Amino acid sequence: MLALIIIIFTAALFDSISTMQQILVFIWLLSTGKPVRNSSWFLVGLVVVYLLCGCFGYLAIHQLNDFLQRFFPNMNAAPDGQFYPAQLMLGIMLFVGGIIYYFKQAKSQKNLQHHALLKRLKNINPIVSFLMGGFISISGFPFALPYLAVLEKISLSGLNHAAAIGLIGWYNFVYTLPMLLILAVYLFFQYHVEDIEKTLHLHAIKWNKVVNILLFSGMGFLMMVDSLCFMLFSHPLFINKLF
(Lines give C-alpha, C1' and ligand atoms only; values in the text may rest on other atoms or scores of the structure.)
Protein backbone atom coordinates (compact mmCIF):
# COMPACT_ATOMS: atom_id res chain seq x y z
CA MET A 1 0.00 0.00 0.00
CA LEU A 2 2.84 2.40 0.88
CA ALA A 3 4.58 1.60 -2.40
CA LEU A 4 1.35 2.38 -4.29
CA ILE A 5 1.00 5.71 -2.48
CA ILE A 6 4.59 6.64 -3.43
CA ILE A 7 4.00 5.61 -7.06
CA ILE A 8 0.84 7.74 -7.15
CA PHE A 9 2.69 10.73 -5.67
CA THR A 10 5.47 10.49 -8.27
CA ALA A 11 3.07 9.97 -11.19
CA ALA A 12 0.77 12.82 -10.15
CA LEU A 13 3.62 15.26 -9.71
CA PHE A 14 5.09 14.29 -13.08
CA ASP A 15 1.63 14.57 -14.68
CA SER A 16 1.14 18.09 -13.31
CA ILE A 17 4.59 19.42 -14.18
CA SER A 18 4.98 17.72 -17.57
CA THR A 19 1.78 19.18 -19.08
CA MET A 20 2.51 22.64 -17.61
CA GLN A 21 -0.41 24.27 -19.42
CA GLN A 22 -2.65 24.34 -16.37
CA ILE A 23 0.16 25.84 -14.26
CA LEU A 24 0.76 28.62 -16.79
CA VAL A 25 -2.97 29.43 -17.01
CA PHE A 26 -3.15 29.42 -13.21
CA ILE A 27 -0.30 31.92 -13.01
CA TRP A 28 -1.86 34.10 -15.69
CA LEU A 29 -5.11 34.15 -13.68
CA LEU A 30 -3.18 35.74 -10.82
CA SER A 31 -2.91 38.86 -12.98
CA THR A 32 -6.68 39.27 -13.47
CA GLY A 33 -8.88 41.77 -11.66
CA LYS A 34 -9.76 39.23 -8.93
CA PRO A 35 -6.62 37.05 -8.87
CA VAL A 36 -7.32 34.83 -5.85
CA ARG A 37 -10.99 34.32 -6.71
CA ASN A 38 -10.39 33.47 -10.37
CA SER A 39 -7.38 31.22 -9.78
CA SER A 40 -9.23 29.39 -6.99
CA TRP A 41 -12.28 28.70 -9.16
CA PHE A 42 -10.00 27.55 -11.96
CA LEU A 43 -8.36 25.12 -9.54
CA VAL A 44 -11.76 23.86 -8.34
CA GLY A 45 -12.88 23.21 -11.92
CA LEU A 46 -9.59 21.51 -12.75
CA VAL A 47 -9.68 19.18 -9.75
CA VAL A 48 -13.40 18.35 -9.69
CA VAL A 49 -13.48 17.34 -13.36
CA TYR A 50 -10.14 15.50 -13.17
CA LEU A 51 -11.37 13.61 -10.11
CA LEU A 52 -14.60 12.66 -11.89
CA CYS A 53 -12.59 11.54 -14.92
CA GLY A 54 -10.41 9.44 -12.63
CA CYS A 55 -13.40 7.80 -10.94
CA PHE A 56 -14.94 7.04 -14.34
CA GLY A 57 -11.65 5.66 -15.62
CA TYR A 58 -11.26 3.45 -12.55
CA LEU A 59 -14.79 2.02 -12.84
CA ALA A 60 -14.51 1.47 -16.59
CA ILE A 61 -10.79 0.80 -16.98
CA HIS A 62 -11.22 -2.12 -19.40
CA GLN A 63 -13.57 -0.20 -21.68
CA LEU A 64 -11.21 2.78 -21.49
CA ASN A 65 -8.24 0.61 -22.50
CA ASP A 66 -10.20 -0.82 -25.42
CA PHE A 67 -11.13 2.69 -26.53
CA LEU A 68 -7.53 3.95 -26.32
CA GLN A 69 -6.23 0.94 -28.26
CA ARG A 70 -8.13 2.25 -31.29
CA PHE A 71 -5.96 5.37 -31.29
CA PHE A 72 -2.74 4.07 -29.69
CA PRO A 73 -1.82 0.69 -31.22
CA ASN A 74 0.06 -1.88 -29.15
CA MET A 75 3.69 -1.40 -30.17
CA ASN A 76 4.67 -4.56 -28.27
CA ALA A 77 3.33 -6.49 -31.26
CA ALA A 78 5.87 -4.83 -33.61
CA PRO A 79 8.89 -6.98 -34.64
CA ASP A 80 11.94 -6.12 -32.53
CA GLY A 81 14.21 -5.82 -35.56
CA GLN A 82 12.03 -3.04 -36.98
CA PHE A 83 10.89 -1.41 -33.77
CA TYR A 84 14.16 -0.65 -31.97
CA PRO A 85 15.98 1.02 -34.91
CA ALA A 86 12.87 3.18 -35.40
CA GLN A 87 12.79 3.96 -31.68
CA LEU A 88 16.48 4.89 -31.80
CA MET A 89 15.84 7.41 -34.58
CA LEU A 90 12.85 8.87 -32.75
CA GLY A 91 14.89 9.08 -29.55
CA ILE A 92 17.65 11.00 -31.31
CA MET A 93 15.08 13.40 -32.79
CA LEU A 94 13.46 14.01 -29.38
CA PHE A 95 16.80 14.43 -27.62
CA VAL A 96 18.17 16.92 -30.14
CA GLY A 97 14.80 18.62 -30.59
CA GLY A 98 14.48 19.26 -26.86
CA ILE A 99 17.90 20.92 -26.73
CA ILE A 100 17.20 23.04 -29.83
CA TYR A 101 13.83 24.11 -28.40
CA TYR A 102 15.43 25.12 -25.10
CA PHE A 103 18.08 27.34 -26.68
CA LYS A 104 15.59 28.80 -29.16
CA GLN A 105 13.27 29.77 -26.32
CA ALA A 106 16.19 31.08 -24.26
CA LYS A 107 17.04 33.51 -27.07
CA SER A 108 13.43 34.58 -27.56
CA GLN A 109 12.76 38.23 -26.72
CA LYS A 110 8.95 37.88 -26.66
CA ASN A 111 7.40 40.08 -24.00
CA LEU A 112 5.14 38.01 -21.77
CA GLN A 113 3.08 41.03 -20.80
CA HIS A 114 1.80 41.25 -24.39
CA HIS A 115 0.77 37.61 -24.64
CA ALA A 116 -2.63 37.32 -26.41
CA LEU A 117 -4.04 34.82 -23.91
CA LEU A 118 -3.04 37.03 -20.98
CA LYS A 119 -5.00 39.96 -22.41
CA ARG A 120 -8.14 37.84 -22.76
CA LEU A 121 -7.91 36.63 -19.17
CA LYS A 122 -7.77 40.10 -17.62
CA ASN A 123 -11.51 40.50 -16.96
CA ILE A 124 -12.90 36.96 -16.76
CA ASN A 125 -15.32 35.81 -14.05
CA PRO A 126 -15.39 32.75 -11.74
CA ILE A 127 -17.70 30.77 -14.05
CA VAL A 128 -15.31 31.11 -16.98
CA SER A 129 -12.40 30.26 -14.67
CA PHE A 130 -14.18 27.10 -13.50
CA LEU A 131 -15.04 26.07 -17.07
CA MET A 132 -11.45 26.64 -18.19
CA GLY A 133 -10.18 24.30 -15.49
CA GLY A 134 -12.79 21.70 -16.36
CA PHE A 135 -12.03 21.91 -20.07
CA ILE A 136 -8.29 21.42 -19.51
CA SER A 137 -8.98 18.34 -17.37
CA ILE A 138 -11.48 16.63 -19.66
CA SER A 139 -9.53 17.36 -22.84
CA GLY A 140 -6.22 16.22 -21.35
CA PHE A 141 -7.51 13.11 -19.57
CA PRO A 142 -7.29 10.68 -22.54
CA PHE A 143 -3.63 11.66 -23.01
CA ALA A 144 -2.66 11.71 -19.30
CA LEU A 145 -0.59 8.52 -19.43
CA PRO A 146 0.61 8.70 -15.78
CA TYR A 147 -3.01 9.06 -14.60
CA LEU A 148 -4.21 6.17 -16.78
CA ALA A 149 -1.35 3.96 -15.58
CA VAL A 150 -2.17 4.73 -11.94
CA LEU A 151 -5.86 4.00 -12.49
CA GLU A 152 -4.96 0.61 -13.94
CA LYS A 153 -2.67 -0.15 -10.98
CA ILE A 154 -5.44 0.82 -8.55
CA SER A 155 -7.97 -1.34 -10.40
CA LEU A 156 -5.61 -4.33 -10.18
CA SER A 157 -4.74 -3.77 -6.51
CA GLY A 158 -7.87 -5.47 -5.19
CA LEU A 159 -8.86 -2.51 -2.99
CA ASN A 160 -12.49 -1.73 -2.27
CA HIS A 161 -14.13 1.20 -4.03
CA ALA A 162 -13.83 3.56 -1.06
CA ALA A 163 -10.06 2.99 -0.73
CA ALA A 164 -9.60 3.24 -4.50
CA ILE A 165 -11.46 6.56 -4.71
CA GLY A 166 -9.39 7.77 -1.76
CA LEU A 167 -6.20 7.03 -3.71
CA ILE A 168 -7.61 8.83 -6.75
CA GLY A 169 -8.31 11.78 -4.48
CA TRP A 170 -4.70 11.60 -3.22
CA TYR A 171 -3.50 11.66 -6.84
CA ASN A 172 -5.53 14.79 -7.52
CA PHE A 173 -4.26 16.50 -4.38
CA VAL A 174 -0.65 15.90 -5.43
CA TYR A 175 -1.57 16.99 -8.97
CA THR A 176 -2.59 20.41 -7.59
CA LEU A 177 0.47 20.85 -5.33
CA PRO A 178 2.51 23.00 -7.76
CA MET A 179 -0.44 25.41 -8.12
CA LEU A 180 -1.14 25.45 -4.40
CA LEU A 181 2.51 26.32 -3.76
CA ILE A 182 2.35 29.12 -6.34
CA LEU A 183 -0.81 30.46 -4.70
CA ALA A 184 0.87 30.36 -1.29
CA VAL A 185 3.87 32.26 -2.67
CA TYR A 186 1.56 34.82 -4.24
CA LEU A 187 -0.41 35.36 -1.01
CA PHE A 188 2.79 35.70 1.00
CA PHE A 189 4.54 38.13 -1.32
CA GLN A 190 1.68 40.10 -2.85
CA TYR A 191 2.21 43.02 -0.47
CA HIS A 192 5.98 42.69 -0.30
CA VAL A 193 7.12 42.35 -3.91
CA GLU A 194 6.55 45.06 -6.48
CA ASP A 195 4.84 43.81 -9.67
CA ILE A 196 4.63 40.23 -8.37
CA GLU A 197 2.50 39.16 -11.34
CA LYS A 198 5.30 39.94 -13.80
CA THR A 199 7.78 38.07 -11.59
CA LEU A 200 5.57 34.99 -11.51
CA HIS A 201 5.09 35.08 -15.27
CA LEU A 202 8.82 35.24 -15.94
CA HIS A 203 9.44 32.31 -13.62
CA ALA A 204 6.65 30.34 -15.32
CA ILE A 205 8.34 30.74 -18.68
CA LYS A 206 11.67 29.61 -17.20
CA TRP A 207 10.04 26.56 -15.62
CA ASN A 208 8.33 25.77 -18.91
CA LYS A 209 11.68 25.76 -20.74
CA VAL A 210 13.31 23.48 -18.17
CA VAL A 211 10.36 21.07 -18.04
CA ASN A 212 10.18 20.80 -21.82
CA ILE A 213 13.86 19.98 -22.24
CA LEU A 214 13.66 17.40 -19.45
CA LEU A 215 10.51 15.89 -20.93
CA PHE A 216 11.56 15.69 -24.59
CA SER A 217 15.30 15.21 -24.25
CA GLY A 218 14.84 12.90 -21.25
CA MET A 219 12.36 10.68 -23.09
CA GLY A 220 14.62 10.71 -26.15
CA PHE A 221 17.61 9.67 -24.06
CA LEU A 222 15.66 6.74 -22.54
CA MET A 223 14.57 5.62 -26.01
CA MET A 224 18.16 5.78 -27.26
CA VAL A 225 19.54 3.76 -24.33
CA ASP A 226 16.71 1.22 -24.57
CA SER A 227 17.31 0.72 -28.31
CA LEU A 228 21.12 0.55 -28.01
CA CYS A 229 20.84 -2.05 -25.24
CA PHE A 230 18.75 -4.24 -27.55
CA MET A 231 20.97 -3.67 -30.59
CA LEU A 232 24.22 -4.32 -28.67
CA PHE A 233 23.17 -6.93 -26.10
CA SER A 234 19.96 -8.36 -27.64
CA HIS A 235 18.06 -7.30 -24.52
CA PRO A 236 16.27 -3.93 -24.15
CA LEU A 237 16.55 -1.80 -21.04
CA PHE A 238 12.78 -1.93 -20.42
CA ILE A 239 10.46 -4.90 -20.56
CA ASN A 240 7.74 -3.01 -22.44
CA LYS A 241 8.34 -0.92 -25.53
CA LEU A 242 8.34 2.80 -24.92
CA PHE A 243 6.05 3.91 -27.75
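Provided above is the structure to which this section pertains.
All of these numbers come straight from a predicted model, not from anything done at the bench. (Residues numbered from 1 in each chain as written. Predicted model: local features only at pLDDT ≥ 70, side-chain atom pairs only at ≥ 80, totals over all residues. Heavy atoms only, no water.)

Attention now moves to the overall build of the protein chain. Of regular secondary structure, the protein chain possesses ten helices and zero strands. Mapped from its N terminus to its C terminus, the protein chain presents α and β elements in the order α-α-α-α-α-α-α-α-α-α. Relative to its 243 residues, the protein chain shows a buried fraction of 37%. Across the protein chain, every contact between residues at least 6 apart in sequence was considered, and the portion connecting residues at least 24 apart equals 81%. Total accessible area on the protein chain is roughly 14,100 Å²; 71% of this is exposed by carbon and sulfur atoms. (Helix = DSSP H or I, 4+ residues; strand = E, 2+ residues; numbered from the N terminus. Buried < 20%, exposed > 50% of the residue type's maximum accessible area, 1.4 Å probe, protein only. Contact = heavy atoms within 4.5 Å. Areas by Shrake-Rupley, 256 points an atom, 1.4 Å probe, with all protein chains shown as cover.)

Attention now moves to unusual backbone geometry. The phi dihedral of Ser234 falls on the positive side, at around 60 degrees, and the residue is not glycine. Inspection of the secondary structure puts Ser234 in the segment after helix H10 (196-233).

Before going further, it helps to spend a moment on the environment of Pro126. Here Pro126 shows up in helix H7 (residues 126-140). Residues Pro126 and Ser39, spaced 87 residues apart in sequence, show a C-alpha to C-alpha distance of 8.4 Å. Contact partners of Pro126, with chain neighbours within four places excluded, come to Arg37, Asn38 and Trp41.

As enumerated under the stated definition, the model contains eleven aromatic pairs in all. Ring geometry for Trp170 versus Phe173: centroids 6.1 Å apart, planes at 25 degrees, classification stacked. Of this pair, Trp170 and Phe173 both sit in helix H9 (residues 161-189), three residues apart, which is roughly one turn of the helix. Judged by its relative accessible area of 43%, Phe173 falls in the partly exposed class. Through a chain of ring-to-ring contacts, the aromatic side chains of Tyr50, Phe141, Tyr147, Tyr171 and Tyr175 assemble into a single cluster. (Phe/Tyr/Trp six-rings, centres within 6.5 Å; stacked < 30°, edge-to-face > 60°.)

Between helix H2 (residues 21-29) and H9, the shortest axis-to-axis distance is 10 Å and the interhelical angle comes to 25 degrees. When the interaxial angle is binned, H2 and H9 end up roughly parallel. Classified by chirality, the crossing of H9 by H2 is right-handed. Contacts from Gln22, Ile23, Phe26 and Ile27 in H2 reach Tyr175, Pro178, Met179, Ile182 and Leu183 in H9. Looking at the contact of H2 with H9 residue by residue, the classes come out as eight nonpolar, one polar and no charged. (Axes fitted to C-alpha atoms, helices over the stretch in contact; angles between N-to-C directions. Parallel < 35°, antiparallel > 145°, perpendicular 65-115°, else oblique. Left-handed = near helix turned anticlockwise from the far one by under 90°. Nonpolar A, V, L, I, M, F, W, Y, C, P; charged D, E, K, R; others polar.)

Axis separation between H2 and H7 bottoms out at 11 Å; the angle between their running directions is 170 degrees. When the axis of H2 is compared with that of H7, the two are roughly antiparallel. The residues of H7 that touch H2, namely those facing Gln21, Gln22, Val25 and Leu29, are Ser129, Met132 and Ile136. For the contact of H2 with H7, a count of residues per class yields four nonpolar, three polar and no charged.

This paragraph deals with helix H8 (residues 145-156). Helical geometry: 3.6 residues make up each α-helical turn, so side chains three or four residues apart lie on a common side. The end-to-end C-alpha distance of H8 is 17 Å, a good match for the 16 Å that twelve residues give at a rise of 1.5 Å each. Those residues of H8 that fall on the buried side of the exposure criterion are Pro146, Tyr147, Leu148, Val150, Leu151 and Ile154. In the segment just after H8, Gly158 is the residue with positive phi, at about 80 degrees. (Expected span 1.5 Å × (residues − 1).)

A few words on a nonpolar patch on the surface. Residues Trp41, Val44, Val48 and Leu52 make up a contiguous nonpolar surface patch of roughly 350 Å² in combined accessible area. Residue position: Leu52 is located in helix H3 (residues 35-59). (Patch = residues over 30% accessible without salt bridge, like charges linked within 9 Å, V, L, I, M, F, W, Y side chains within 5 Å. Salt bridge = Lys/Arg side-chain N within 4 Å of Asp/Glu carboxyl O.)

Before going further, it helps to spend a moment on the nonpolar core. Judged by nonpolar contacts, the single largest core of 40 residues is most densely connected at Phe26, Phe42, Phe141, Tyr147, Ile154 and Tyr171. Those elements that place two or more of their residues in this core are helix H1 (2-19), H2, H3, helix H4 (61-69), H8 and H9. Broken down by element, this core gets its largest block of residues, ten residues, from H9. (Core = buried A, V, L, I, M, F, W, Y, C linked by side-chain atoms within 4.5 Å.)

Before going further, it helps to examine the side chain of Asn172. Here Asn172 is to be found in helix H9. Judged by its relative accessible area of 2%, Asn172 is buried. Among the polar contacts listed, one links the side chain of Asn172 to the backbone nitrogen of Leu51, at a separation of 3.4 Å. Residues in contact with Asn172, not counting those within four places in the same chain, are Val47, Tyr50, Leu51 and Tyr147. (Polar contact = N/O pair within 3.5 Å; in protein donor to acceptor, adjacent residues only side chain to side chain.)

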